[in-house]
Amino acid sequence: MIVKFGCNVNSSLLNKAKSGKEKFLIRLAQSMRSLGVDVCDKKKVDVFIRLAGQKNDSNAKLNVLRLNGLWFNSEQPYKKINKAIVDAVNKSDAIIYQGQFCMDAYQRFLGINKKFSAIISNGADPSCFEPRRQQSSNFFLALCKWRPHKRLKAIVDSFILANKMGLDSDLIVIGDPDYVVKNKRVKYLGWQNNKKIIRLLSKAIASLHLTYLDWCPNAMIESIVANCPLIYTSSGGHKELGQDMGISIADSEWDCKHAIQLYKPPPLELNRIAEAMIQMKNNGYDMNDSVKFHIDSIAKRYIEFFEECL
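Since this is a predicted model, take the numbers as computed values, not measurements.

Undergrad: Residues and numbers for the pattern of salt bridges, please.
TA: One side chain can pair with another of opposite charge once the charged atoms of both are near each other. A complete count under the given rule lists 15 salt bridges for this structure. Across the pair Lys 4 and Asp 41 runs a salt bridge, and its minimum N-O distance is 3.7 Å. Placement of the pair is Lys 4 in strand S1 (residues 2–5) and Asp 41 in the loop between strand S2 (38–39) and strand S3 (47–50), with a sequence separation of 37 residues. Given a relative accessible area of 15%, Lys 4 falls into the buried group. By relative accessible area, which is 63% here, Asp 41 ends up exposed.

Shown next, in the form of structure tokens:
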């Protein structure tokens, strides 16, 4: 099988990927090569994998569109952007969704129902991570491209509340924060390279994922594959990824039918988050079945889907 990607999948570009989806596709290409697939840039290929903003390959036997999240924020030009996505779907032979929530959203919000489709999550390479060192750590980790629906404020406020309830730990925030407080236990490190993030994941008590209606975030996948327990919201794609991987925090759901003000998410119960932090610090968490998110497992599912479609 000869497979071509609609973006540069040179392994040397992994740290320079412009987006999470590009980062994942580079990982996927690396894994496919290791499994014997001819990943190249030839003119005639069996399968062409692309993102919504890229064109089909007219020489490919099968054009596969990998869909990320759609646009449903009423405060953004979501109709115009989604129209382009629908056009890309109509021109593709097959679709791969990131998760069940992703498929539900596309089918209900945009009325998409492609005959050839599959649900395959993101993945990460376990060999890239360090062994867990939780016994020597004393911090929680929050890693994200911060925007209002990512709920950094809820993370920080619930952490400070947990400190008042007796938690003796720090909170490390990676990325450009949209909410900053002066507190010696909250440490804002800004953007860090992969090496630093890998080291933090090996030591963190848990990673925090409280986004409202996220799809299949790489940060969450990486935490799971690194065996770093999660504290995560029950909405969107989080509940698919987080099951048996940590402590779930109740969140409001979306009906997948109407546009909403995404950047004004419903409030979370801060006491419950604080209690989850204390519980995680005192008892830890035994994670189960992270193998299904290993990149080789994901690549095999992609290959099986391609073979089925061809």
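Now, onward.
Undergrad: Just give me the short version of the nonpolar core, but keep the residues and values in it.
TA: Phe 140, Ile 155, Phe 159, Leu 171, Val 186, Ile 231 and Met 277 are the most contacted members of the largest nonpolar core, which has 30 residues in total. The set of elements that each furnish at least two residues to this core consists of strand S7 (139–143), helix H4 (152–164), strand S8 (170–174), strand S12 (246–249) and helix H8 (270–283). Here this core takes seven residues from H4, the largest share from any one element. Among all residues touching Ile 231, those that are not within four sequence positions of it are Phe 140, Ala 206, Ser 207, Leu 208, His 209, Leu 210, Ile 247, Ile 249, Ala 276, Met 277 and Met 280.

Undergrad: Quick one: what's the story with unusual backbone geometry, residue by residue and with numbers?
TA: Not every positive phi belongs to a glycine, and Leu 213 is a case in point at roughly 60°. On the basis of relative accessibility, which here comes to 2%, the residue Leu 213 falls in the buried class. One non-glycine residue, Asp 244, lies in the positive phi region at around 65°.

Undergrad: Pulling in residues and values, what's your account of the packing of aromatic side chains?
TA: Aromatic ring pairs are described here by two measures, namely the spacing of the ring centres and the angle between the planes. Overall, the coordinates contain nine aromatic pairs when judged by the stated rule. Ring geometry for Phe 24 against Tyr 302: centres 6.2 Å apart, planes inclined by 50°, an arrangement best described as tilted. A residue pair is termed long-range when its members are at least 10 positions apart, and Phe 24 in helix H1 (residues 20–34) and Tyr 302 in helix H9 (residues 295–309) qualify at 278 residues. The exposure class assigned to Phe 24 is buried, which follows from its relative accessible area of 0%. When the centroid spacing of 4.7 Å and the interplanar angle of 25° are considered together, the rings of Phe 101 and Trp 215 count as stacked.

Undergrad: Tell me about helix H2 (residues 78–91), residues and numbers included.
TA: Taking 1.5 Å of rise per residue, 14 residues should cover 20 Å, and H2 covers 20 Å from first to last C-alpha, within 8% of that figure. Considered for burial, the residues of H2 that qualify are Tyr 78, Asn 82, Ile 85, Ala 88 and Val 89. Buried residues in H2, looked at end-on, bunch into an arc of 110°, giving them a common side. Away from the buried face of H2 by more than 90 degrees, exposed residues Lys 79, Lys 80, Lys 83, Asn 90 and Lys 91 are located. On its buried side, H2 packs onto S3, strand S4 (62–67), strand S5 (94–97) and helix H3 (100–109).

Undergrad: Run through the state of the cysteines, naming residues and quoting values.
TA: Taken as a whole and judged by the stated rule, the model has zero disulfides. Of all cysteine sulfurs, the one in Cys 144 lies closest to Cys 228, which takes part in no disulfide; the gap is 15 Å. Residue Cys 309 stays outside any disulfide, its sulfur separated by 17 Å from that of Cys 102, the closest cysteine. Of the residues examined, Cys 309 reaches a relative accessible area of 16% and is grouped as buried.

Undergrad: Account for empty space enclosed by the protein, with residues named and values stated.
TA: The tally for this structure, following the rule as stated, stands at one cavity of 30 Å³ or more. Forming the walls of the largest cavity are Leu 141, Ala 142, Leu 143, Leu 201, Ser 207, Leu 208, His 209, Ala 219 and Ser 223. The residue makeup of the lining of the largest cavity, split by class, is six nonpolar, three polar and no charged.

Procedures and definitions
- Residues numbered from 1 in each chain as written.
- Predicted model: local features only at pLDDT ≥ 70, side-chain atom pairs only at ≥ 80, totals over all residues.
- Heavy atoms only, no water.
- Salt bridge = Lys/Arg side-chain N within 4 Å of Asp/Glu carboxyl O.
- Helix = DSSP H or I, 4+ residues; strand = E, 2+ residues; numbered from the N terminus.
- Buried < 20%, exposed > 50% of the residue type's maximum accessible area, 1.4 Å probe, protein only.
- Core = buried A, V, L, I, M, F, W, Y, C linked by side-chain atoms within 4.5 Å.
- Contact = heavy atoms within 4.5 Å.
- Phe/Tyr/Trp six-rings, centres within 6.5 Å; stacked < 30°, edge-to-face > 60°.
- Expected span 1.5 Å × (residues − 1).
- Arc of directions from axis to C-beta.
- Disulfide = S-S within 2.5 Å.
- 1 Å grid on protein atoms, 1.4 Å probe; cavity = no way out; pocket = protein on both sides within 12 Å on 5 of 7 lines; lining within 4 Å.
- Points joined across faces, edges and corners; volume = space filled by probe spheres on them.
- Nonpolar A, V, L, I, M, F, W, Y, C, P; charged D, E, K, R; others polar.

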